[in-house]
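Remarks on the overall topology
One-letter residues, chain by chain:
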Amino acid sequence: MKSKKLEKQNLLQAEQELLSMYRKLNVEDKTHIYEFIKKYKNEGPEENHPLIQKLLVYGYAHFTIEGVVEDDKLTMYKECLEIFTVYKRYELACLAHIGISLHHRKKHRYAEALRSIQDAELLAIKRLGINTRIYVDLLINKASIYWFLRDLDKCNNSLLQCITIELSESLDYAAQFVIHTNLTRNYMLYSDLDKATYHFDICKEITKYYRNEHNYAAMFIHGSALLIKKEEWEEAIVLLKQGYEFYINTSFHLRKAELLKIIGEFYVIPENPLYDYSASIPFLKQAIAIGEEHEFYHFVTAVYTGLYQNAKHAKLFEESLEYLENYFAYFLKMHNEQQQQPFIAGEMRFAKESHQLYIDGKQTTDKKILEELSHAKIENTKLLNQLSDYEKIISTIKEDIAIASNRGQLKSAFAHQLLDKIQGIIKQQLDIQGYLRLCEQKYPGIIKNLQRLYPDLTKTEIKILQLIRLDLTSQLISELCSTSLKNVENHRLRIRKKIQLPKQHTFTMFLDALPNQLNLEAFYKA
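What you are looking at is a predicted structure, and each value in this text was computed from that prediction instead of being measured. (Residues numbered from 1 in each chain as written. Predicted model: local features only at pLDDT ≥ 70, side-chain atom pairs only at ≥ 80, totals over all residues. Heavy atoms only, no water.)

**Digging into the overall build of the chain**
Check the secondary structure of the chain and you find 25 helices and zero strands. Out of the 526 residues in the chain, the part that is buried amounts to 44%. In the chain, 61% of the contacts between residues at least 6 apart in sequence involve partners at least 24 apart. Here the chain has roughly 29,100 Å² of accessible surface; of this, 53% comes from carbon and sulfur atoms. (Helix = DSSP H or I, 4+ residues; strand = E, 2+ residues; numbered from the N terminus. Buried < 20%, exposed > 50% of the residue type's maximum accessible area, 1.4 Å probe, protein only. Contact = heavy atoms within 4.5 Å. Areas by Shrake-Rupley, 256 points an atom, 1.4 Å probe, with all protein chains shown as cover.)

**What to know about the packing of aromatic side chains**
Within this structure, the stated rule accounts for 16 aromatic pairs. Ring plane angle 10 degrees and centroid distance 5.4 Å describe the contact between Tyr173 and Tyr209, whose orientation is recorded as stacked. Here Tyr173, found in helix H9 (residues 173-189), pairs with Tyr209, found in the loop between helix H10 (193-206) and helix H11 (217-229); they are 36 residues apart in sequence, far enough to count as distant. Overall, the relative accessible area of 53% leaves Tyr209 in the exposed class. Each ring, one from Tyr304 and one from Tyr330, has its centre 6.0 Å from the other, and the planes form 25 degrees; the classification is stacked. (Phe/Tyr/Trp six-rings, centres within 6.5 Å; stacked < 30°, edge-to-face > 60°.)

**Considering unusual backbone geometry**
Positive phi, normally seen in glycine, also occurs at Lys88, with a value near 60 degrees. One can find Lys88 in the loop between helix H4 (70-86) and helix H5 (90-106). By relative accessible area, Lys88 is classed as exposed at 60%. A positive phi angle is found at Gln500, which is not glycine, with a value near 55 degrees. Tracing the backbone shows Gln500 in the loop between helix H23 (485-498) and helix H24 (507-513). Owing to a relative accessible area of 63%, Gln500 belongs among the exposed residues under this scheme.

**Here we look at the pattern of salt bridges**
Scanning the model with the defined rule gives 10 salt bridges in all. Notably, a salt bridge pairs Arg133 with Asp172, separated by 2.6 Å at the nearest N-O pair. In this pair, Arg133 sits in helix H7 (residues 133-148) while Asp172 sits in the loop between helix H8 (152-164) and H9, placing the two residues 39 residues apart along the sequence. Residue classification places Arg133 among the buried residues on the basis of a relative accessible area of 15%. Under the relative-accessibility criterion, Asp172 is labelled partly exposed at 29%. Note that Glu205 and Lys208 form a salt bridge whose closest N and O atoms lie 3.1 Å from each other. On the basis of relative accessible area, Glu205 is assigned to the partly exposed category, the value being 37%. (Salt bridge = Lys/Arg side-chain N within 4 Å of Asp/Glu carboxyl O.)

**Focus on the packing of helix H6 (residues 110-127) against H7**
Where H6 contacts H7, the axes come no closer than 10 Å and their chain directions differ by 160 degrees. With respect to H7, the element H6 is oriented roughly antiparallel. When the axes of H6 and H7 are compared, the crossing they make is left-handed. Across the interface between the two elements, Tyr110, Ala113, Leu114, Ile117, Gln118, Ala120, Glu121, Ala124 and Ile125 of H6 pack against Tyr135, Leu138, Leu139, Asn141, Lys142, Ile145, Tyr146 and Phe148 of H7. Looking at side-chain class alone, the contact of H6 with H7 contains 13 nonpolar, two polar and two charged residues. (Axes fitted to C-alpha atoms, helices over the stretch in contact; angles between N-to-C directions. Parallel < 35°, antiparallel > 145°, perpendicular 65-115°, else oblique. Left-handed = near helix turned anticlockwise from the far one by under 90°. Nonpolar A, V, L, I, M, F, W, Y, C, P; charged D, E, K, R; others polar.)

**Points about the confidence of the model for the chain**
Averaged over all residues, the pLDDT of the chain is 78; the fraction at 70 or higher stands at 72%. Mean pLDDT in the chain bottoms out at helix H25 (residues 517-525), which sits at 52, and peaks at helix H14 (residues 277-293), which reaches 94. Throughout residues 1-6 the model reports pLDDT below 50, and contacts reaching past four residues in sequence, or to other chains, amount to one contact. Every residue in residues 425-430 scores below 50 in pLDDT, and together they form 13 contacts with partners more than four places removed in sequence or on other chains. (pLDDT = per-residue confidence, 0-100.)

**A word on the nonpolar core**
Membership of the largest hydrophobic core comes to 106 residues, with the highest contact counts inside it found for Leu55, Phe84, Leu95, Leu138, Phe266, Leu307 and Tyr323. Beyond its immediate stretch of four places on either side in the chain, Tyr323 contacts Tyr277, Ile281, Lys285, Tyr304, Leu307, Tyr308 and Ala311. (Core = buried A, V, L, I, M, F, W, Y, C linked by side-chain atoms within 4.5 Å.)

**Quick look at the side chain of Asn156**
Among the secondary structure elements, Asn156 is positioned in helix H8. Those residues within four positions of Asn156 in sequence are excluded, and the remaining contacts are Leu183, Asn186, Tyr187 and Tyr190.

**A word on helix H20 (residues 446-453)**
All of the buried residues in H20 are Ile446, Asn449 and Leu450. Each buried residue of H20 lies within a common arc of 95 degrees when the element is viewed along its axis, so the set occupies one face. Among the exposed residues of H20, those oriented more than 90 degrees off its buried face are Lys448 and Arg452. (Arc of directions from axis to C-beta.)

**Considering H11**
Under the 1.5 Å per step criterion, the end-to-end length of H11 is 18 Å for 13 residues, consistent within 8% with the ideal 18 Å. For H11, every residue scored as buried is listed here: Ala217, Ala218, Met219, Phe220, His222, Gly223, Ser224, Leu226 and Leu227. In the stretch just after H11, Glu231 is the one whose phi turns positive, near 65 degrees. (Expected span 1.5 Å × (residues − 1).)

Structure (structure tokens):
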């Protein structure tokens, strides 16, 4: 009896330690997670307990320990979710949902990321209540997704909701800092400088008690942006340089590079009375040097893009062409697949010729293309508005069902059945077309290639291959196509036979080789 009580205490302690590490919001500092692993992996009295095992798995995934790569994380988080739910550790289950959502965010699958957070919200409302710390975590993550979806209103509302939650004890400084720095940014975009200043002043007060190297850069970046909006130029550059000095002796190399980039860009803001093109160059080149050293190629290409535009506006055409060539050199490093290199070489040739036409004072855009682009933007706006309307409806119904279920006004099984039906309707009307369009954007020509090489494939089979190309699971494909999981698995078997795909090869391997006939022939010979 005594050992069981001790085991329960140790399990609760391990859970709280993991939650605390997650909330430190610093995945680059691995000191605490290594101590956690050492404590519970081999020496803990409950080392074989499934909960301890999955707490360790979550730690490996979230902090990227022992060679864990991004593609492994989704499976790891799902395993954790299953065990945490079985053992009724609902706070940890919400944490696993957050992990799944973070993975989808990194893969730019924002609809799936949002769905994971919404599932966790329902779980939290039903089992834990909204006045809990984990619900704040969910709202912060939800706000981030809406930010990436460019929905500023929903992002802002999620952050404001965090402030209204009544916790048994004060919200920790880490969460407060994230909430108020992001509200500062949002209100600047709304051009509400009074509210932006209000939240920034709260941030400054918080920094008297809390400083986290991982996210402290937001203080300098958003603060300087606010000062620029107020046209307090000298104060803005002082704050940015303070930020760089704060990070200069740390291992947060990307933060240093980002601040150097922003300082460089500060000097070429057209309305800046301190405008000095020559002063911007050393900062931007220093940012590039850090990016090159640590292989932040996406960052380096972004800096070269800015340098090219700045030099072009300053009419330094030879210099701008040099920056353009450097941009493509790093673009090639990011996309070094052999089949993409001819495409990138063509893009580079086109960019150089357009650059020369610009210098010669010639038109560099096609009116017909611009008209088509304008039409596409209008259609896209319509779709986004439609999606927003559907999401408002589903969010309202979800909240009503959750509240009614908590009060005992609805049977839980009925509530979930109703919710599943509503989600199914939304998916059927919107998501399937959205995913298919996304596949065509990411992998142009996939339908034509499949039809040309495998004319026996049906439209449904091609649609399923498109969804597989986006790394969607069979379960999600079945939901999107409004069919059973078994039906999807049967389709996969028929497709495998038609394309003569060997058992040792996956559909992903096949689809990777598809764009290039030579690659495909080599693939079948392997």
